[in-house]
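Given next are the chains, with one letter for each unit.
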Amino acid sequence: MERIFVYGTLRKGMYNYDLYLKKENSFLQYAYVKGTLYTIQSKKYPALLLEGDSMIIGEIHEVNQDVLQRVDEMEEYFGDGCIDNEYNKVICDIYDDKQIVIDRLPVYVYNTNNVEKAKLLGEEIVSHDYVQYIKEKNNMG
């Protein structure tokens, strides 16, 4: 089993959580990673960049290798350093709500080394919470 940190559509209540994690009963706890959260133009999922000190809320999940492989494919993670990755898997400090490091886990970080993908970055999600952002967006629309 391996633990991962998720901050977007793999969080509880979101569509990829239902597809990949719900039946695994994988949720362990809420936690945070430091960075900046962005929208991606014409996509229904966010981008995390490891710049800035904002506390981005997410969740720690524990999954088996089969689930991890399916999540890697969904995130378009083809291997360490691959320029075609949509997301790179980066080991990051994971924090609790008091900003104390509680773990170091793989996090899917948007691959801005790929120029085409970098051009798609949208606006910053200032709430630092993708689930809240989607709820607010849906209530406005």
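What you see is a predicted model, and the numbers here were worked out from it, not measured in a lab.

For the rest of this paragraph, the subject is helix α2 (residues 65-74). Looking only at α2, the buried set comprises Val 67, Leu 68, Val 71 and Asp 72. End-on view of α2: buried residues confined to an arc of 140°, all on one side of the axis. Exposed residues lying more than 90 degrees from the buried face of α2 are Asp 66 and Glu 73. Check the buried side of α2 and you find it contacts β1 (2-6), α1 (15-21), β3 (47-63), β4 (87-95) and β5 (101-110). The backbone nitrogen of Asp 66 lies 3.0 Å from a side-chain oxygen of the residue at the head of α2, namely Asn 64.

Looking now at the side chain of Asp 103. Within the fold, Asp 103 resides in strand β5. Side-chain polar atoms of Asp 103 contact the side chain of Arg 3, separated by 2.6 Å. Sequence-distant contacts of Asp 103, that is, excluding residues within four places in its chain, are made with Arg 3, Cys 92, Asp 93 and Ile 94.

The next subject is the nonpolar core. In terms of nonpolar packing, the biggest core is built from 38 residues, with Phe 5, Tyr 7, Val 33, Leu 48, Ile 94 and Val 107 touching the most fellow members. Going through the elements one at a time, β1, α1, β2 (27-40), β3, α2, β4, β5 and α4 (130-140) are the ones with two or more residues in this core. Counting residues per element, this core draws most heavily on β3, which supplies six residues.

The rules behind these values
- Residues numbered from 1 in each chain as written.
- Predicted model: local features only at pLDDT ≥ 70, side-chain atom pairs only at ≥ 80, totals over all residues.
- Heavy atoms only, no water.
- Buried < 20%, exposed > 50% of the residue type's maximum accessible area, 1.4 Å probe, protein only.
- Helix = DSSP H or I, 4+ residues; strand = E, 2+ residues; numbered from the N terminus.
- Arc of directions from axis to C-beta.
- Contact = heavy atoms within 4.5 Å.
- Polar contact = N/O pair within 3.5 Å; in protein donor to acceptor, adjacent residues only side chain to side chain.
- Core = buried A, V, L, I, M, F, W, Y, C linked by side-chain atoms within 4.5 Å.

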